[in-house]
Amino acid sequence: MLWIVLTAAAAPLQVARNALQRGLVGDAGPWGATLVRFLFGLPFALIIFAVVAMATPDADPRFSWRFAAAVSAGAAGQVAATAALLVAMRRSGFAVATFMQQSSLPLAALMGVLVGDHLSAPAWIGVAATTAGLAVLSWPKAGAEKGAAQGALFGLASGLAFGVTLNAYRQAGVALDSAHPLFAATASVCVAQTLQSLGLLIFLGTTRPQALRAVFASWRQSLGAGFFGAAASACWFAALAMAPAGAVRAVGVIEAPIAAAAGRRLFKEMLSARQMLGGGATAIGVVMTALG
């Protein structure tokens, strides 16, 4: 059950990374803050991989088109999901955006139905509970700003992109070396973060050079976000290499209450009774969908 420990460890690391990234959105914009996660996390990811590689001398990685396609799809999905999540956090709040992100599993499950997958009765109940919870979270208050509703949509978009990312990274780890999941996971992290860093550097360098300047001007905060991001990704990837994405996502729901506590302490955000009810229904629905 090492994957459960790794998933539980990834949750607070991810909340810490998101909190640091959220503070960078104002100057660097969502794409600049997204770059921070990957570029400043890459050195730490390489160090983690080096340690794991020395501990697994019998690893036998097999680079293939299947691995290349899976890790590229995961890398692209993670970039889009991260940028959407950061926008959602700015417009709807840290905790609410994290709850909205939990839509990744039910959305992925519903997409699977369209291509012939089947859901059990408990899983359908979970999808319904999650849908109800997300509706409560995203329903605008009387007199609410337009940005709050837009934030909810960005949160849903982030969840959908993360759903694609989870399955892509699982396939990448299995394709690279299914017998050594920790090695495959940390190697995949390095490959993905290299692709993400290069892609975002080129994109921002040609379209938003001021965002690049803001990123490097805040290098201390960026290093912190990079470290927590690399550690969280290594834990997520390793867990996904050991267990199905649905089960990993179910355990990962513990991120939601951690984010709620962080939002209250760091950003002075208070959840209303309606939001707590919606967040609770969402979390329960995700678990039921994953385990159903």
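Residues numbered from 1 in each chain as written. Predicted model: local features only at pLDDT ≥ 70, side-chain atom pairs only at ≥ 80, totals over all residues. Heavy atoms only, no water.

Notes on empty space enclosed by the protein
Move 1: Inspection of every chain in the model, using the stated rule, returns two cavities of 30 Å³ or more.
Move 2: One number sums up the size of the second largest cavity: a volume of about 30 Å³.
Move 3: Going through the elements one at a time, α7 (146-177), α8 (181-207) and α10 (219-242) are the ones with two or more residues in the lining of the second largest cavity. (1 Å grid on protein atoms, 1.4 Å probe; cavity = no way out; pocket = protein on both sides within 12 Å on 5 of 7 lines; lining within 4 Å. Points joined across faces, edges and corners; volume = space filled by probe spheres on them. Helix = DSSP H or I, 4+ residues; strand = E, 2+ residues; numbered from the N terminus.)

Quick look at the UniProt feature "transmembrane region" (unreviewed entry) in the protein
Move 1: Within the UniProt annotation, "transmembrane region" (unreviewed entry) is assigned to residues 34-55, 67-89, 121-139, 151-170, 182-203 and 223-241.
Move 2: Measuring from the first to the last C-alpha atom of residues 182-203 gives 31 Å, for a span that is 100% helix and 0% strand. (UniProt positions renumbered as here; feature names shortened; annotations may be inferred.)

So, the packing of aromatic side chains
Move 1: Under the definition given, this model contains six aromatic pairs.
Move 2: Between Phe-44 and Phe-227, the aromatic rings sit 5.3 Å apart at their centres with planes inclined by 75°, giving edge-to-face as the arrangement. Taken together, the residues Phe-44 in helix α2 (residues 42-55) and Phe-227 in helix α10 connect sequence positions 183 residues apart.
Move 3: When the centroid spacing of 5.4 Å and the interplanar angle of 65° are considered together, the rings of Phe-227 and Phe-228 count as edge-to-face.
Move 4: Looking at Phe-227, the relative accessible area reads 39%, which means it is partly exposed.
Move 5: Overall, Phe-228 belongs to the partly exposed group, its relative accessible area being 27%.
Move 6: Among the aromatic residues, ring-to-ring pairing joins Phe-44, Phe-227 and Phe-228 into one connected group. (Phe/Tyr/Trp six-rings, centres within 6.5 Å; stacked < 30°, edge-to-face > 60°. Buried < 20%, exposed > 50% of the residue type's maximum accessible area, 1.4 Å probe, protein only.)

A closer look at the nonpolar core
Move 1: Counting 31 residues, the largest nonpolar core has Phe-67, Val-71, Tyr-169, Trp-236, Phe-237 and Val-248 as its most contacted members.
Move 2: Elements that contribute at least two residues to this core include exactly α1 (2-39), α3 (65-92), α7, α8 and α10.
Move 3: When residues of this core are assigned to their parent elements, the largest contribution, nine residues, is made by α10.
Move 4: Aside from chain neighbours lying at most four places away, what touches Val-71 is Tyr-169, Ala-172, Ser-188, Val-191, Ala-192 and Leu-195. (Core = buried A, V, L, I, M, F, W, Y, C linked by side-chain atoms within 4.5 Å. Contact = heavy atoms within 4.5 Å.)

A closer look at the pattern of salt bridges
Move 1: For the structure shown, the criterion picks out one salt bridge.
Move 2: One salt bridge in this structure joins Arg-62 and Asp-60, with 3.0 Å as the shortest N-O distance.
Move 3: By relative accessible area, Arg-62 is classed as exposed at 55%. (Salt bridge = Lys/Arg side-chain N within 4 Å of Asp/Glu carboxyl O.)

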